[in-house]
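Each chain is listed here by its residues.
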Amino acid sequence: MTGSDRERDGPWNVVGRRERRPDARPKVDGTARYGTDLTRDDALHAAVVRSQHPHARIEAVETAAAEAIDGVVTVLTRPDLPGGFDDQVRHYGDVVAAVAAETPEAAEQGVDAITADLEPLSAVHDPRESVREGASVVQSNPEFGQPDRHPVSADNPEYVQNVEDYHSLSVGDAGTALADADHVHEASYRTPRVTHCNLDRHCCLAEWRDGTLRLTETIGNRGHAEATLERLFGDCDVEIEQPPHSGSSFGGRSLAKLTLEPVAGALARETDRPVRLAFDREAEFTAGDSRHVTYIDITAGATDDGRLSGLTVDVVADTGPYPNGVGHIVLSACRDRPLDLYQVDNYRYEGVSVFTNNPPAGEYRGIGVTQITWALESHLDELARQAGFDPVAFRRQNWVEEGYERPTAGPVTSCGLQECLERGQVAMDDLTADGPADSRVIGRGVAAGGQITTPAVGKNDDYAETRLTLSPDGTLAVQTGSIDVGQGSTTVLGQIAAEATGVPIERVFVAGYDPDDPVDDKYGSIANRTTYLIGGAITRAAEKLRTALRDRAAQHFDTSVEEVTIDGTSVETTDGRSITVEELLTEPLSVTGRLEVTSAPIGYGVHFAEVAVDTETGAVDVQSYVAAQDVGFAINPTLVEGQLEGAVQHGIEFALLSELRAPGGIPENASLAEYPVSSPAEMPAELRCEIIESSESSGPYGAKGVGTPSQPPVAPAITNAIRDAVGERFTEAPVRDEDVFFALREADR
């Protein structure tokens, strides 16, 4: 299912190949051990009393009955937790009290025995109202638990409270451009609260070692999580180690959760014993993170010759009741991605992320960019149709290209948009769909998108170190600051290390972050950075390793370094003498490579969808799909295809299926039985992945990210196809069958 199996340019032996994942077998045969599989013989088991109110004040908590239960070791109430937990709960599922006991059964009995008197408080659930005067105050401490928060000032007199973050930008004169435009389209969009539904639930094992809190769990952004917990607990160090196999994330395991690690850590400190705390499935929905609900207003103008002349974007994002820094990312992405994708000289943006009493929001694959791309690509598709332009030609005319100087982010360093479009169109034409049958109508849609590789944009930087250790037996250990959360980074980083050093791939072993053997890494396994940044650090370490080996060999042969060559397993001189690495080394040789960046290349994609819509029922079937994605260089084409196919699945959920419904802040479908997710039945019958290689000069072997950039175009390609099929534009996602049914009935009146 790919169009990328052609021979690659370049003398590569390992990168660009379809190497198998080393973790495949244990994951398939069930021997892999994830976070929820772990415990300790001396560990206590924890359970949490969670609020059934979206906003309430804790008047009293009676714990005596729980403390009297056989096996219960300790009970803590909310004010006992570290770092300023107060007497208010701010969302359904927030922590009221917690129990640590010798068995899980005793812990649950203790929770059931606790009685809490909660006084309901006025709650606010619409972020557009929460930020204005007269709404109840959700969060009076917008820095709660955050290790670093940039100064926030809302330059809007109507935004007076509950402001978590605020961004604005003006380029040119958007107002005048829109007034002078020949065609103007204005619309409002709403994106859904989507939940990750990782099969392995959140779980951490907490213990204190000489004043240091050690947590065993899957956390993508280890540095941020450790800093958050150190701020909450005060004068201590926090160290996070990964389980033998990390669970999947999609952003859901990037950050610490306020009702998980602080609770387990506090119970462990109180009892001086390890404590295991795991979310149940309902807590995954109510206390884990979901994608930010966003309200996006867009006005776009175009001239008669098809030039995008003006654009305004206004965003209100629902961040839930507590800060975690992700609102900043959502707003940044909504602000910058339109300028990364389109050439527009006149642009105005305003975005605010807002505290509400809804379930917590956090990272989800394509943070912010998924929301803005769905709205923007829907909007420009509609503008083109209303103006009489071909939607594909209109986009193509206004896209950025390599070398284009963006107003706020410098030149585009690599861009495969045009090739994505050309090859994607050819591939889509090759996929034949069933013709209309009875009440079914066919529609085709296209959408483009782009996302940065690493968070190094604006004033932010990024950096990563890796350590390569070559042992006398010829094996190479690669120590990184990341973890493999299912994306296959262990495989890809191993391929890069093998290629860069010449060590055979079967003798390369990649390890994730280890608090007992750390390397300096700013963000870990988030934000589409692993292949590009950590892979780049590996190539730098490999250069050091090869230099060190040549130096040793030169000393061994009593010759100059210039006379020595190395192929990874042996060293030779120009006069024919040679020695194996095993013979040359008497002890392990370690080097560290570091890569620091202040800018991030964009991974672009153009996706195509064909849908069949049953006009009698509203049912939408995604029949055919083409994901044409610019990845710079495919280090492992099989893993690239896996990322693309997974993005399509997530995008189908966003477009057609998934939303955690929480009227009044109380989730009503917080279970896998009620929350709609996609299955193979919803996947396209025909799915083709077209891998475009634009060769990013700053990336290892030309590579840039694929996991996040492949996500944004999916949902708008599908909903644009629905618009093409039935003539109705939907501005709220997901677009359910009943939405299509009633829209068609309304149109028939």
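Heads up: the structure comes first, above all this text.
Since the model is a prediction, treat every value here as computed from it, not as a measurement. (Residues numbered from 1 in each chain as written. Predicted model: local features only at pLDDT ≥ 70, side-chain atom pairs only at ≥ 80, totals over all residues. Heavy atoms only, no water.)

A. Highlighting the overall build of the chain. Each helix and strand counted, the chain has 18 helices and 28 strands in total. Taken over the C-alpha trace, the chain has a radius of gyration of 27 Å; the compact-globule value for 749 residues is 27 Å, and the two agree within 12%. Relative to all contacts within the chain whose residues are 6 or more apart in sequence, the contacts with residues 24 or more apart total 81%. Accessible surface, the chain as shown: approximately 27800 Å² in total, 45% of it carbon and sulfur. Both charge centroids of the chain, one from 63 positive and one from 124 negative side chains, sit 2 Å from each other. (Helix = DSSP H or I, 4+ residues; strand = E, 2+ residues; numbered from the N terminus. Rg over C-alpha atoms; globule rule 2.2 N^0.38 Å. Contact = heavy atoms within 4.5 Å. Areas by Shrake-Rupley, 256 points an atom, 1.4 Å probe, with all protein chains shown as cover. Lys, Arg positive; Asp, Glu negative; His and termini not counted. Charge placed at Lys NZ, Arg CZ, Asp CG, Glu CD.)

B. Main features of a negative patch on the surface. A grouping of Glu105, Glu108, Asp112, Asp280 and Glu282 is seen on the molecular surface, where their side chains present a negatively charged patch. Top element by residues in the negative patch is helix α3 (residues 104–113). It accounts for three residues. Tracing the backbone shows aspartate 112 in helix α3. Accessibility expressed as a relative area gives 64% for aspartate 112, which makes it exposed. (Patch = residues over 30% accessible without salt bridge, like charges linked within 9 Å, V, L, I, M, F, W, Y side chains within 5 Å. Salt bridge = Lys/Arg side-chain N within 4 Å of Asp/Glu carboxyl O. Buried < 20%, exposed > 50% of the residue type's maximum accessible area, 1.4 Å probe, protein only.)

C. Structural view of the sheet that holds strand β1 (residues 44–50). An order of β3-β5-β1-β12-β9-β10-β11 is seen for the seven strands of this open sheet, with the pairing classed as mixed. Both edges of this open sheet fall to β3 (72–77) and β11 (237–241), since each of them pairs with a single strand only. Strand-to-strand, the axes of this sheet are offset by a mean angle of 25°, without reference to chain direction. As paired strands, strand β9 (residues 203–209) and strand β12 (residues 275–278) are joined by four bridges and run antiparallel to one another. Bridge pairing in β12 places leucine 205 opposite arginine 276. Docked against the sheet, α3 engages β1, β3 and β5 (95–101), running at close to 25° with respect to β1. (Pairing = 2+ DSSP bridges. Axes fitted to C-alpha atoms, helices over the stretch in contact; angles between N-to-C directions.)

D. Spatial organisation of the sheet that holds strand β19 (residues 462–470). Overall, mixed pairing links the four strands, which are arranged β21-β20-β19-β25 in an open sheet. Whereas interior strands pair on both sides, the edge strands pair on one side only; in this sheet they are β21 (508–511) and β25 (589–597). Ignoring which end each strand starts from, the neighbouring axes of this sheet average 20° apart. Sheet strands touched by helix α13 (residues 489–501): β19, β20 (476–479) and β21. Its angle to β21, the strand with the most contacts, is close to 135°.

E. Here's a closer look at the side chain of threonine 719. Mapping threonine 719 onto the fold places it in helix α17 (residues 714–726). When neighbours within four sequence positions are excluded, threonine 719 is seen to be in contact with Trp374, Ser378, Ala655, Arg729 and Val735.

F. The side chain of threonine 469, seen in detail. Residue placement: threonine 469 occurs in strand β19. The class of threonine 469 is buried, set by a relative accessible area of 17%. Only 2.7 Å separates the side chain of threonine 469 from the side chain of serine 590, close enough to count as a polar contact. Discounting residues that sit within four places of it in the chain, threonine 469 has contacts with Thr475, Leu476, Ala477, Pro588, Leu589 and Ser590. (Polar contact = N/O pair within 3.5 Å; in protein donor to acceptor, adjacent residues only side chain to side chain.)

G. Just the nonpolar core, in detail. Counting 102 residues, the largest nonpolar core has Val313, Leu417, Val606, Val611, Tyr625 and Ile718 as the members making the most contacts within it. Residue contacts for valine 313: discarding those within four places in its chain leaves Ile296, Asp297, Ile298, Tyr347, Arg348, Tyr349, Glu350 and Ile372. By size, the runner-up hydrophobic cluster in this structure holds 45 residues, among which are Leu468, Leu493, Leu545 and Val591. (Core = buried A, V, L, I, M, F, W, Y, C linked by side-chain atoms within 4.5 Å.)

H. Broad picture of the packing of aromatic side chains. All told, the structure shown has ten aromatic pairs when counted by the stated rule. On the numbers, 5.6 Å between centres and 70° between planes, the contact of tryptophan 208 with phenylalanine 233 is edge-to-face. Pair noted here: tryptophan 208 is in strand β9 and phenylalanine 233 is in helix α6 (residues 222–233), with a separation of 25 residues, a long-range link. An identical accessibility class is assigned to tryptophan 208 and phenylalanine 233; each is buried. When the centroid spacing of 5.2 Å and the interplanar angle of 80° are considered together, the rings of phenylalanine 741 and phenylalanine 742 count as edge-to-face. Taken together, the ring pairs connect Phe85, Phe144 and Tyr322 into an aromatic cluster. Across from the ring centre of tyrosine 295, 3.8 Å away, lies the NZ or CZ of arginine 128, which sits over that ring. For arginine 222, the ring lying beneath its charged end belongs to tyrosine 513, and the centroid distance is 5.3 Å. (Phe/Tyr/Trp six-rings, centres within 6.5 Å; stacked < 30°, edge-to-face > 60°. Lys NZ or Arg CZ within 6 Å of the ring centre and 35° of its normal.)

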